[in-house]
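# Structural characterization, general
Each chain, written out:
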Amino acid sequence: MSVSETSAVQTPKAFKPRIFSGIQPSGGLTLGNYLGALKRFVEKQDEGIETIYCLVDLHAITVWQDPEKLRQQTREGAAAFIAAGIDPARSILFNQSQVSAHAELAWIFNCVARLGWMNRMTQFKDKTAGKNAEAASLGLYAYPSLMAADIMAYHATMVPVGDDQKQHLELTRDIAIKFNNDYGVDFFPVVEPLIEGAATRVMSLRDGTKKMSKSDPSDQSRINLTDSADAIASKIRKAKTDPEPLPETAEGLKDRPEARNLVNIYAALAGHSVDQVIQDFAGAQFGTFKPALADLAVAKLSPITTEMNRLMADPGEIDRILGKGADRAEAIARPILEQTKDIVGMIRSRQI
Ligand code: TYM
């Protein structure tokens, strides 16, 4: 092979490491959001990587949201980020709808993604299961394409998420690859999902086979970041378990979803490995383990709740932080959107 032939082989462009992730302000945040996402967002920020975090209000309205509650939940979400350790001076923190590049790029991606790909999305199927799927919004169906736009508008290379978002990130990769192929460019990075740690899937406290979720009808199934210390302790005390003591090895948790969930939560909150927690509590009854977990959960979560309440007392300040974050986000996303439009063949001749 001649030198010119080898140099014609497209070597992938090196993209700057950049993290993007988002949380829907569609309800109060849960322990699942905290351990699967928020806590890890803070760790990534503290590792010194460029981090962009977003309250995805455009995603939230794919199902009905009361306008006043949406505003409140968006502010509460922002307060949770800051209370958990996100520093708006170091990370970019904003709400999605303030940066229109997300919606514009999502439209272009709607024209790249294939119906067959969308039809395979299990989250859409789960969200419409047992309901009239015909009555679901078109936005709910196109949701993953907007998510791809969120990430690609920043050329983000890494996305920390919980396990439930894995398929959406695979779709994001497929959209980026198809766009690059269709237009013969190496423009969008192929993103790397960061699904790490003991709590990538925190389960319901009432049913160890179901994900802990802000939309579960039972409040006992989840710990909310706004719960009081008493409520946290009581929910853990009442959490469903089996009658066996904790096993001697992590392997022994295999067919015990509720026990495994509580051990995983303990490990993630304490920053220990599951093996270490099992070593510390081998043979312990839940009567011993649950109070230890409740104490740990209260110690870790109560300061966040207190700080959230303090921040929520000044909604104007939260709005200012989101506005500044949106300005910084826009400065990155706008040129990427404009280059995308050029690649697609759209004329941009306005003088702005
Ligand atoms: P959302 O709002 O449902 O959840 C936000 C984050 O919390 C994680 N999570 C969990 N992790 C562990 N255990 C649980 N029980 C649990 N419940 C939720 C989610 O995996 C997620 O990381 N589509 C996204 C929001 C989004 C997004 C994005 C994420 C929109 N655009 C771009 C990353 C990048 C969602 O609905 O997350």
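These figures come from a predicted structure and were not determined experimentally.

## A word on the pairing of strand S3 (residues 92–95)
- In S3, alternate side chains face the same way, and those of Ile92 and Phe94 on one face and Leu93 and Asn95 on the other are all buried.
- Where strand S2 (residues 50–55) and S3 come together, four bridges link them in parallel fashion. Within S3, the position partnered with Cys54 by the bridge is Phe94.

## Here's the deal with the domain arrangement of the protein chain
- By the assigned domains, the protein chain splits into domain 1 (3–197 + 314–344) and domain 2 (219–311).
- The gap between the C-alpha centroids of domain 1 and domain 2 is 30 Å.
- Taken together, the 16 residues of domain 1 in the interface contact 14 residues of domain 2.
- The three residues of domain 1 that bury the most area against domain 2 are Leu31, Tyr34 and Ala83, which together make up 38% of that side's buried surface.
- Inspection of the domain 1/domain 2 interface yields zero salt bridges.
- Where domain 1 meets domain 2, there are four residue pairs in polar contact (both at pLDDT 80 or more).
- In terms of residue count, the dominant contributor to the side of domain 1 that touches domain 2 is helix H4 (residues 67–84) (six residues).

## Quick look at the site of the ligand
- What surrounds the ligand is a group of 27 residues, the closest being Tyr143, Asp150, Gly162, Asp164 and Val202.
- Here Asn33 contributes a side-chain N or O atom positioned 3.1 Å from an oxygen atom of the ligand.
- Protein chains bury 97% of the 710 Å² of accessible surface belonging to the ligand in isolation.
- Contributions of two or more residues to the shell around the ligand are made by strand S1 (18–23), helix H2 (31–46) and helix H8 (138–152).
- Within the shell around the ligand, the residues separate by chemical class into twelve nonpolar, ten polar and five charged.

## Concerning the nonpolar core
- By size, the foremost hydrophobic cluster in this structure holds 59 residues, and its most contacted members are Leu31, Tyr34, Leu35, Leu38, Phe81, Leu269 and Phe289.
- When sequence neighbours within four positions are dropped, the list of residues in contact with Leu31 reads Gly36, Met212, Ile223, Ile265, Leu269 and Leu301.
- Counting residues in each nonpolar core, the second largest holds 46 residues, with Ala106, Trp117, Ala326 and Ile332 among its members.

Thresholds applied
- Residues numbered from 1 in each chain as written.
- Predicted model: local features only at pLDDT ≥ 70, side-chain atom pairs only at ≥ 80, totals over all residues.
- Heavy atoms only, no water.
- Buried < 20%, exposed > 50% of the residue type's maximum accessible area, 1.4 Å probe, protein only.
- Helix = DSSP H or I, 4+ residues; strand = E, 2+ residues; numbered from the N terminus.
- Pairing = 2+ DSSP bridges.
- Domains from an automatic or database assignment.
- Contact = heavy atoms within 4.5 Å.
- Buried area = accessible area lost by both parts, 1.4 Å probe.
- Salt bridge = Lys/Arg side-chain N within 4 Å of Asp/Glu carboxyl O.
- Polar contact = N/O pair within 3.5 Å; in protein donor to acceptor, adjacent residues only side chain to side chain.
- Near = heavy atom within 4 Å.
- Areas by Shrake-Rupley, 256 points an atom, 1.4 Å probe, with all protein chains shown as cover.
- Nonpolar A, V, L, I, M, F, W, Y, C, P; charged D, E, K, R; others polar.
- Core = buried A, V, L, I, M, F, W, Y, C linked by side-chain atoms within 4.5 Å.

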